[in-house]
There are 2 protein chains.
Amino acid sequence: MKMKGRNMEKNIPSISESEWEIMNVLWDKAPQTANDIILSLQESTDWKPKTIRTLLDRLVQKDVVGVNKDQRVYTFYPLYSQEECQRAETESFIKRIYGGAMKSMLVQFIHEDTLSDDDINELRTILNKKPKK
Amino acid sequence: MKMKGRNMEKNIPSISESEWEIMNVLWDKAPQTANDIILSLQESTDWKPKTIRTLLDRLVQKDVVGVNKDQRVYTFYPLYSQEECQRAETESFIKRIYGGAMKSMLVQFIHEDTLSDDDINELRTILNKKPKK
DNA sequence: TTTCTTTGATTACATATGTAATACTATACT
DNA sequence: AGTATAGTATTACATATGTAATCAAAGAAA
């Protein structure tokens, strides 16, 4: 079973739904203090600071987030790139939900008119950037 | 990239990873007895029959699967279509992982050659049948 | 220096999920 | 009729996740 190049990421620990929110703010900017993250998330969620802190700590335990403890106030940063996490999640998602074929998902979404015309045009553009064979 | 239209499905209870496997066999064919399902899944998983049964019962409790108890041996069937479940899952997935933009996912996967050239061509064809605006 | 405040560490607790085992019951077989 | 068997129902138990609160330590302020 060969993996093409960049596909062989080490096993990324599983990241729960809530934890993804934390990761998203860390990928947006890093390092950040817990308080930075709390402030960011209080705009988009209604989580209490303690809750956010717990999620952050769990990500540290899972070795998905690193901590710099040099300063009195710690700073946190992601240990995996957003791209590799996205790819891993997407692969397992597509496998579970669409039997492994991303095409199935796209076909369905195109047929169901779930995508706006703009979306479809955008898709065309993206697809057309790939050389036709 | 927002989704429109027939998007107002009733709230589908959340279906866990393992439960999706059960659903997949039920969507493939329904109704089926617990034993049918067990046999199906023993080919693709290493779950014990009791485990499969538990997952099935939980889906029934969640009102995602229905039961026909007329016969001595019950039969089970999905209460939601595969398409609507897929759509719901995909929307929450895309939102969480790609900030709501399916385009982001596509761009990434096209670049990474996760979609084959054939897939891409096929998608182009499908898209072209959609009216351009 | 005593105290308040901010941040980090530890603990809590309910529900969900993975992964079954045990108990009960209604046929099927002897 | 008595027992093995195949389903169904109930119970179990560890880990994960959502959602915090409490306790402790270290600067900041009085």
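An account of the accompanying structure is given in this report. The residue count restarts for each chain, going from 1 along the sequence in the order it is written. Just so you know, chain letters begin at A and ligand numbers begin at 1, following the order they were written in. Side-chain atom pairs in this predicted model are given and counted only at pLDDT of 80 or more, local residue features only at pLDDT of at least 70, and totals for whole chains, interfaces and linings cover all residues.

1. Here we look at helix α1 (residues 17-28) of chain B
All names here are of chain B.
Turning to step 1, where the next piece is worked out: The end-to-end C-alpha separation of α1 is 17 Å, in line with the 16 Å expected for 12 residues at 1.5 Å each.
Turning to step 2, where the next piece is worked out: Along α1, the residues classified as buried are E21, I22, M23, V25 and L26.
Turning to step 3, where the next piece is worked out: C-beta atoms are first placed from the backbone for all residues, and any pair lying within 7 Å is then listed as a contact. Going along the chain from the N terminus, every DSSP run of H or I of four or more residues is numbered as a helix, and every run of E of two or more is numbered as a strand. Those residues of α1 that are buried lie in contact with β1 (32-33), α2 (34-44), α3 (49-61), β2 (65-68), β3 (75-78) and α4 (82-98). A helix is expected to reach a length of 1.5 Å times the quantity of its residues less one. Working definition of burial: number of other C-beta atoms within 10 Å of the residue's own, with buried at 20 or more, exposed at 12 or fewer, and partly exposed in between, all C-beta atoms being placed from the backbone.

2. Looking at the relation of the copies chain A and chain B
Turning to step 1, where the next piece is worked out: Once turned by 179° and shifted 0.4 Å along the axis, chain A lies on chain B with an RMSD of 0.8 Å. Taken together, these values place the two copies in the relation of a two-fold axis. Looking at the rotation axis and the C-alpha trace of chain A, the residue lying nearest is A:R124, at 3.6 Å.
Turning to step 2, where the next piece is worked out: A share of 91% of the interface residues of chain A reappears at the interface of chain B, consistent with the copies meeting face to face through the same patch. Copies overlap after least-squares fitting; the atoms used are the C-alpha atoms of residues with pLDDT of at least 70 in both.

3. Regarding the protein's contact with DNA strand C
Turning to step 1, where the next piece is worked out: In this text, near has one meaning. A residue is near a molecule or strand if its C-beta atom, placed using the backbone, is within 6 Å of it. Around DNA strand C sit 18 residues in total, of which A:Y74, B:S16, B:S18, B:K48 and B:K50 are the nearest.
Turning to step 2, where the next piece is worked out: Of all the elements in the fold, those that place two or more residues in the surface near DNA strand C are α2 (34-44) and α3 (49-61) of chain A together with α1 and α3 of chain B.
Turning to step 3, where the next piece is worked out: Counting residues per element, the surface near DNA strand C draws most heavily on α3(B), which supplies 4 residues.

4. Things to note about the interface of chain A and chain B
Turning to step 1, where the next piece is worked out: If you look at the interface, chain A gives 32 residues, while chain B gives 37 residues.
Turning to step 2, where the next piece is worked out: Contributing elements (two or more residues each) for the side of chain A that touches chain B: α1 (17-28), α4 (82-98), α5 (102-111) and α6 (117-129) of chain A.
Turning to step 3, where the next piece is worked out: Sort the elements by how many residues they give to the side of chain A that touches chain B and α4(A) lands first, with 9 residues.
Turning to step 4, where the next piece is worked out: Here the term charged refers only to Asp, Glu, Lys and Arg, the term nonpolar to Ala, Val, Leu, Ile, Met, Phe, Trp, Tyr, Cys and Pro, and the term polar to all other amino acids, Gly among them. Its residues assigned to classes, the side of chain A that touches chain B comprises 13 nonpolar, 5 polar and 14 charged.

5. Re the environment of A:E91
Turning to step 1, where the next piece is worked out: For A:E91, the position within the fold is in helix α4.
Turning to step 2, where the next piece is worked out: Residues A:E91 and A:A101, 10 residues apart in the sequence, show an inter-C-alpha distance of 9.3 Å.

6. Focus on the protein's contact with DNA strand D
Turning to step 1, where the next piece is worked out: For DNA strand D, the set of nearby residues contains 18 residues, the closest of which are A:S16, A:S18, A:K48, A:K50 and B:Y74.
Turning to step 2, where the next piece is worked out: Looking at the surface near DNA strand D, the elements that each hand over two or more residues are α1 and α3 of chain A together with α2 and α3 of chain B.
Turning to step 3, where the next piece is worked out: Take the surface near DNA strand D: its biggest share by element is 4 residues, from α3(A).
Turning to step 4, where the next piece is worked out: Partitioning the surface near DNA strand D into residue classes produces 5 nonpolar, 7 polar and 6 charged.

7. Focus: the sheet that holds strand β1 (residues 32-33) of chain A
Residue and element names in this part refer to chain A.
Turning to step 1, where the next piece is worked out: The strand order across the open sheet built from 3 strands is β1-β3-β2, with neighbouring strands paired in antiparallel fashion. Looking at strand neighbours, the two that pair on one side only are β1 and β2 (65-68), the edges of this open sheet.
Turning to step 2, where the next piece is worked out: Looking at chain direction, β2 and strand β3 (residues 75-78) are connected through 4 bridges and run antiparallel. Following the sheet pairing, N68 is matched in β3 by T75. By this definition, two strands are paired if DSSP reports at least two bridges between them.

8. Remarks on the pairing of β3(A)
Turning to step 1, where the next piece is worked out: Summarising the sheet, β1(A) and β3(A) pair through 2 bridges and their orientation is antiparallel. Across the sheet, the residue bridging to A:Q32 is A:F76, located in β3(A).

9. Topic: the sheet that holds β2(B)
All names here are of chain B.
Turning to step 1, where the next piece is worked out: An order of β1-β3-β2 is seen for the 3 strands of this open sheet, with the pairing classed as antiparallel. The outermost strands of the open sheet, each flanked by one partner alone, are β1 and β2.
Turning to step 2, where the next piece is worked out: Every axis in this analysis is a line fitted to C-alpha atoms, fitted for helices over the stretch in contact. Angles between the N-to-C directions lie between 0 and 180 degrees. Each of β1, β2 and β3 is contacted by α1, which is oriented at about 95° to β3, the strand it contacts most.

10. Thoughts on the packing of α2(A) against α3(A)
Residues and elements named next belong to chain A.
Turning to step 1, where the next piece is worked out: It is the contact of α2 with α3, at a shortest axis distance of 10 Å, that shows an interaxial angle of 120°. Relative to α3, α2 is oriented oblique. In terms of crossing hand, the pair formed by α2 and α3 is right-handed. Contacts between α2 and α3 involve A34, I37, I38 and L41 on the former and, on the latter, P49, I52, R53 and L56.
Turning to step 2, where the next piece is worked out: Each residue belonging to the contact of α2 with α3 can be placed in one class, and the counts come to 7 nonpolar, no polar and 1 charged. Each angle gets one of four labels, with under 35 degrees taken as roughly parallel, over 145 as roughly antiparallel, 65 to 115 as roughly perpendicular, and the rest as oblique. Definitions for this section: a left-handed crossing has its near helix turned counterclockwise from the far helix by less than a right angle. A right-handed crossing has that turn clockwise.

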